[in-house]
Each structure stands twice: as structure tokens, then as C-alpha cells.
Amino acid sequence: MAYRTHNDRLLLQRLAGVEASARRRHCPCVIELMPELQVARLDGAQLFGRSAPLQVDLGCGDGSFLCELAKQFPRKNFLGIERLTKRVEKVRRKAQKIENVRVLRADTLFAVRHLLSESSVEAFYLLFPDPWPKRRHQFRRIFTRDFLDAIAAALEKHGVLRVATDQLDYFRQIEWLSRAHSCFEIADSHELVLPLTKFERTFREQGAPIYRLTLRKTSPVR
Ligand SMILES: C[S@@+](CC[C@H](N)C(=O)[O-])C[C@H]1O[C@@H](n2cnc3c(N)ncnc32)[C@H](O)[C@@H]1O
């Protein structure tokens, strides 16, 4: 089921911010958007109708991985985050009969930073993030120091971030940033068998190498 009310609330809050801002200022012809939006964080219990460990698939694509995992672990809650409307619709259709799946149409960094509560997530998955292989496009890659800061804040104590990519240079960058971050250690991920994502299925058919990394949160965020 898509969580539809949040954007409406966001819009209303934005409009309220604009009005308040305009009232505060003496020049009535200037309208300034307030950067400190009062965004309500998602309430897991309300969203899923129960309290359970939360796992989040970032850039969940068509939702095949998310839905398979949710079926395997019915006692946990699963949230997919995806920015493309058509993919969100695919997830919605797949998740119709799965009670422990929700999908949020949002930007990953915004959602992790502003919509998820502190220490609320047991596991994040970042599986085959857009690789942006051209050097001039690499600034668009999602995996940055800021991204890791936001993940660290949202993860529970000892929570994990699981990453997979077929791009060696992106993987090296991910490894380097992870080792440099004080909140994480690199954990062993070999024992875990996860459902295939749509992209992983394609890469396997092509015989492409797949690089994986699991990060475990070791220190509280300061
Ligand atoms: C290469 S696809 C991988 C999809 C899926 N994880 C899989 O492995 O099949 C990357 C996905 O991340 C989504 N995406 C990229 N950047 C995003 C962002 N900043 N916020 C939310 N979704 C994003 C894309 O729309 C796309 O669906």
C-alpha cells in the first residue's frame, strides 16, 4: 500500500511555513520559503498497524526484492523507498496482498535524514544504486559521507547496511568511505542468502561480477 497522505501533509506544512514567513517579514511582496520544514517523521506502528523491527530497501525499483524478503520474514516490517512514480506503482501492485510492506515515493537521502526516526531501523539495503559511471556524473552517486551519517542516525544499535553493486570503482569508493566512517565496522555477509533483485538477476545473466559489503553500526552518533 502506498503511503499517500505524507506528501499532502508536507505540502500543507510548506504552505504554512510560507505564510508564517511572510507574516513575520515587514515587506509583504517578498515570500521566502522556510528551509526548516516541520516534517513529521514516519511512525512505524501507525504505518504498519503494529510495532515490529523495520527494514528499509533504498531505491527499491520494482519491489521484487522487497516483497520476497517481506514474505520470508512476516514478523518484520518492510519499507521501500523509490523516487520514480511508475516503479512505486509496480511495488504497490506487487505488495497488495503482503501485509508487512509499505512503499514511500521520496528521495532516499531526504527520507533517511528527515522521515525516519533516530535508531528506528534494523537493516537498510542499498542494492545496485544508480552507478553514474562517467566521471563528470559521479557527484550524483548516493553513497557519500552525508549519506552514511544519515544511515548511522537512523540505524538501531548494531543495525546493518547491506550494499551491492556491479561497478568496481563505485565499490572501492563505498569501501573507502565506510572504513573512514567512525560509526561503522565492515561485517561478514557471506552467510546471508537474500532474494535476488531485478537488477541482480540481469547482472547474473550477463555474468557480471557483483561486489557486496555489509556495514554494522558500532558506535552511537555523536
Ligand atoms: C539501478 S536501480 C536498482 C533497483 C533495485 N534496487 C534492484 O536492484 O533491482 C536504482 C533504483 O534506485 C532509484 N533511485 C535512484 N536514486 C534515488 C534516490 N535518490 N531516491 C530514491 N530512489 C532512487 C532508481 O529510481 C532505481 O529504481
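Calculation notes
- Residues numbered from 1 in each chain as written.
- Predicted model: local features only at pLDDT ≥ 70, side-chain atom pairs only at ≥ 80, totals over all residues.
- Heavy atoms only, no water.
- pLDDT = per-residue confidence, 0-100.
- Contact = heavy atoms within 4.5 Å.
- Near = heavy atom within 4 Å.
- Polar contact = N/O pair within 3.5 Å; in protein donor to acceptor, adjacent residues only side chain to side chain.
- Areas by Shrake-Rupley, 256 points an atom, 1.4 Å probe, with all protein chains shown as cover.
- Nonpolar A, V, L, I, M, F, W, Y, C, P; charged D, E, K, R; others polar.
- Buried < 20%, exposed > 50% of the residue type's maximum accessible area, 1.4 Å probe, protein only.
- Helix = DSSP H or I, 4+ residues; strand = E, 2+ residues; numbered from the N terminus.
- Arc of directions from axis to C-beta.

**A word on the confidence of the model for the protein**
And step 1. Per-residue confidence for the protein gives a mean pLDDT of 88, with 83% of residues at or over 70.
And step 2. Counting interchain partners and residues more than four positions distant, the pLDDT-below-50 stretch residues 1-8 has 17 contacts.

**Brief notes about the site of the ligand**
And step 1. Contacts to the ligand come from 15 residues, most closely from Glu-82, Arg-87, Asp-107, Thr-108 and Thr-197.
And step 2. Taking Gly-59, its main chain carries an N or O atom lying 2.9 Å from a nitrogen atom of the ligand.
And step 3. At 3.3 Å from a nitrogen atom of the ligand is found a main-chain nitrogen or oxygen belonging to Arg-83.
And step 4. Here the ligand, which alone exposes 590 Å², has 92% of that area covered by the protein.
And step 5. Taken together, the residues of the shell around the ligand sort by class into five nonpolar, four polar and six charged.

**Concerning helix H4 (residues 85-95)**
And step 1. Among the residues of H4, those classed as buried are Val-88, Val-91 and Ala-95. In an axial view of H4, the angular spread of the buried residues amounts to 60°, which keeps them on one side of the axis.
And step 2. Of the surrounding elements, those touching the buried residues of H4 are helix H3 (64-72), strand E2 (77-82) and strand E3 (101-105).

**Overview of the environment of Lys-76**
And step 1. Within the element layout of this structure, Lys-76 appears in the loop between H3 and E2.
And step 2. Sequence separation of Lys-76 and Arg-50 is 26 residues, and the distance between their C-alpha atoms is 9.8 Å.
And step 3. Apart from the residues lying within four places of it in its own chain, the contact partners of Lys-76 are Arg-50, Ala-52, Pro-53, Gln-55, Asn-100 and Glu-122.
And step 4. At a separation of 3.1 Å, a polar atom in the side chain of Lys-76 contacts the side chain of Glu-122.

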